[in-house]
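Structural description and commentary
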Amino acid sequence: MEKKEAKVIHPILTDKHREFGKRVREFAEKELAPHADEWESRQEFPISLFQRFAELGFLGIRYPREYAGQNLDFLHSVLLSEELAYSTMGGITTAVTVQNEMVGPPIFKFGTEEHRQKFVVPMNRGQKIGALGITEPQAGSDVAAIQTSAKKNGNHWVLNGEKIFITNGFRADLVLVVARTSLEKGYRGMSLFLVESGTKGFTREKLDKVTMYCADVGRLYFKNCSVPAENMVGEEGRGFYNIMWELQGERIAGSANAVGRAQAAFEAALKYAQARIQFGKRIADFQVTQHKLADMATRIDAARQYVYYVAWLFENGAYPVKEISIAKLLAAQAASSVSDDALQIHGGPGLLMTSSAQRFWRDARLSRIGGGTDEIQKEIIARALIPKK
Ligand SMILES: Cc1cc2nc3c(=O)[nH]c(=O)nc-3n(C[C@H](O)[C@H](O)[C@H](O)COP(=O)(O)OP(=O)(O)OC[C@H]3O[C@@H](n4cnc5c(N)ncnc54)[C@H](O)[C@@H]3O)c2cc1C
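Residue indices begin from 1 for each chain and proceed along its sequence in written order. Per-residue local features of the predicted model are confined to residues with pLDDT of at least 70, and side-chain atom pairs are confined, for both listing and counting, to 80 or more; whole-chain, interface and lining totals are unaffected and use all residues.

**Side note on the domain arrangement of the chain**
Note: domain ranges come from an automatic or database domain assignment. Taken domain by domain, the chain holds domain 1 (15–128), domain 2 (131–237) and domain 3 (241–385). In this description, a residue-residue contact is defined by the distance between C-beta atoms placed from the backbone, which must lie within 7 Å. Opposite the 24 residues of domain 1 that make contact, domain 3 presents 24 residues. Helical segments are the DSSP runs of H or I of at least four residues, strand segments are the runs of E of at least two, and each set is numbered from the N terminus. Where the side of domain 1 that touches domain 3 is concerned, the elements lending two or more residues are α2 (36–42), α4 (74–83) and α5 (90–110). Residue contributions to the side of domain 1 that touches domain 3 peak at nine residues, all from α5.

**Concerning the site of the ligand**
We call a residue near a molecule or strand if the C-beta atom, set from the backbone, is within 6 Å of it. Close contacts around the ligand come from 23 residues, with Ile-134, Gly-140, Ser-141, Thr-373 and Glu-375 the closest. Within the residue set of the shell around the ligand, elements represented by two or more residues are β1 (130–133), β3 (156–167) and α11 (374–385). Its residues assigned to classes, the shell around the ligand shows ten nonpolar, ten polar and three charged. Under this grouping Gly is polar, as are all residues other than the nonpolar Ala, Val, Leu, Ile, Met, Phe, Trp, Tyr, Cys and Pro and the charged Asp, Glu, Lys and Arg.

**Considering the pairing of strand β4 (residues 174–180)**
Partly exposed residues are those whose C-beta has more than 12 but fewer than 20 other C-beta atoms within 10 Å; with 20 or more the residue is buried, with 12 or fewer it is exposed, and the C-beta atoms are placed from the backbone. Most of β4 is tucked away: seven of the seven residues are buried. Burial along β4 is two-sided: Leu-174, Leu-176, Val-178 and Arg-180 facing one way and Val-175, Val-177 and Ala-179 facing the other are all buried. At least two bridges found by DSSP between two strands is the condition for calling them paired. In terms of strand pairing, β1 meets β4 through four bridges, oriented parallel. The partner of Gly-130 across the bridge, within β4, is Leu-174. Where β4 lies against strand β5 (residues 190–196), seven bridges are found, and the strand directions are antiparallel. Residue pairing across strands places Arg-180 opposite Met-190, the latter belonging to β5.

**Overview of the environment of Val-210**
By the secondary structure assignment, Val-210 is in the loop between β6 (202–206) and β7 (217–228). Sequence separation of Val-210 and Leu-366 is 156 residues, and the distance between their C-alpha atoms is 9.5 Å.

**Quick word on helix α8 (residues 287–315)**
One less than the number of residues in a helix, times 1.5 Å, gives the span that helix is expected to have. Between its first and last C-alpha atoms α8 spans 42 Å; for 29 residues at 1.5 Å apiece the expected length is 42 Å, and the two agree. Every buried residue of α8 is listed here: Thr-289, Met-296, Arg-299, Ile-300, Ala-303, Arg-304, Tyr-306, Val-307, Tyr-308, Val-310, Ala-311 and Phe-314. Of the surrounding secondary structure, the elements contacted by the buried residues of α8 are α4, α7 (239–275) and α9 (321–346). Downstream of α8 by one or two residues, Gly-317 has phi in the positive range, about 95°.

**Details of unusual backbone geometry**
One non-glycine residue, Asn-224, adopts positive backbone phi at about 45°. Given 11 C-beta atoms within 10 Å, Asn-224 falls into the exposed group. Phi at Phe-279 is positive, roughly 55°, even though this residue is not glycine. Positionally, Phe-279 belongs in the loop between β9 (277–278) and β10 (281–282). Overall, the presence of 7 C-beta atoms within 10 Å leaves Phe-279 in the exposed class.

Structure (structure tokens):
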């Protein structure tokens, strides 16, 4: 009997999804990966890449056509995040995820039609770069502790405070900033504001980091920074809740980033294990390497299935906070451990700056911290498991 080619068909993915994923991978391998050494050592990728992403239909994935979007579902965002890992530069995946899944959605959902036209449309066209400013030096996991203030002054709001670790922050044309509009109201005292580059009182600096070399991650300062009243996004006092909503989509996309990074690291290690000869054998012939590879594949597969599942739930109108945190935790831990094992399989050459193994390993470390740490995901999961007394 004629042997059929084995093909794994995921029940959630259609041919359209698979075709899209293939296009992203080809782009990442052909147009991005060859520049990895240069852009990583320069700690910057060309800003024109955003326009290239737009040309290819990789920005504004989930928005309607009339907003320069692609009118595609969340699984396309997941595949974009996964397949961009083949660029070997987490910094690029993160920059695009911030634009598509962190900044755009809250502006689109909670903002006005004017906000959509002025900010979301140019972001989807790659003409404007967005950043999201939540974290502050004194407020990381504890978002409710944010101190950046916004005070009303006539038809303006005046912002004072600082944001730290803001991806795209140094080059962004617009930053969606979470600020406190009332000291008295706790969670209910926060609102969202759009601050554009060039606004008086808004300055920034680029941070040096061990991860995501080619991404720009900034520290932002607001000193008597006055923005027009119409730059408030959503209702006054709803900022905390709106950001908690945004975090769910961000976490799914971040989980997909992690799965993609794990997969790409795994494939590099699998290839290397079959090429490297020691003691007269391929290192892939040692059982210890085989078991390591089997464990890696198992962790990736489990995480991927779960990420697809929550993306599908989210796309279909569910708001599965506990499941999203499970996906984030699983994927982040898979990326971290798989990239570490992949580096181990590479031995010394894996530690050379020209090796993709060290990039996957350094970049994977962010997954357990950014978008809510592992410990915070466990808090969320535990809270859902144990009802309040
Ligand atoms: C490269 C990079 C890019 C980033 N991009 C962005 C961005 O674009 N926008 C943005 O707003 N932020 C961004 N962040 C910030 C990121 O979201 C925060 O670093 C993260 O939320 C953790 O906050 P923290 O670093 O202040 O750590 P902390 O909150 O101080 O936590 C320190 C440690 O304490 C633990 N901990 C804290 N609270 C608890 C608790 N209740 N129970 C148990 N353990 C706890 C944490 O898990 C962690 O291990 C980025 C960070 C990095 C490094």
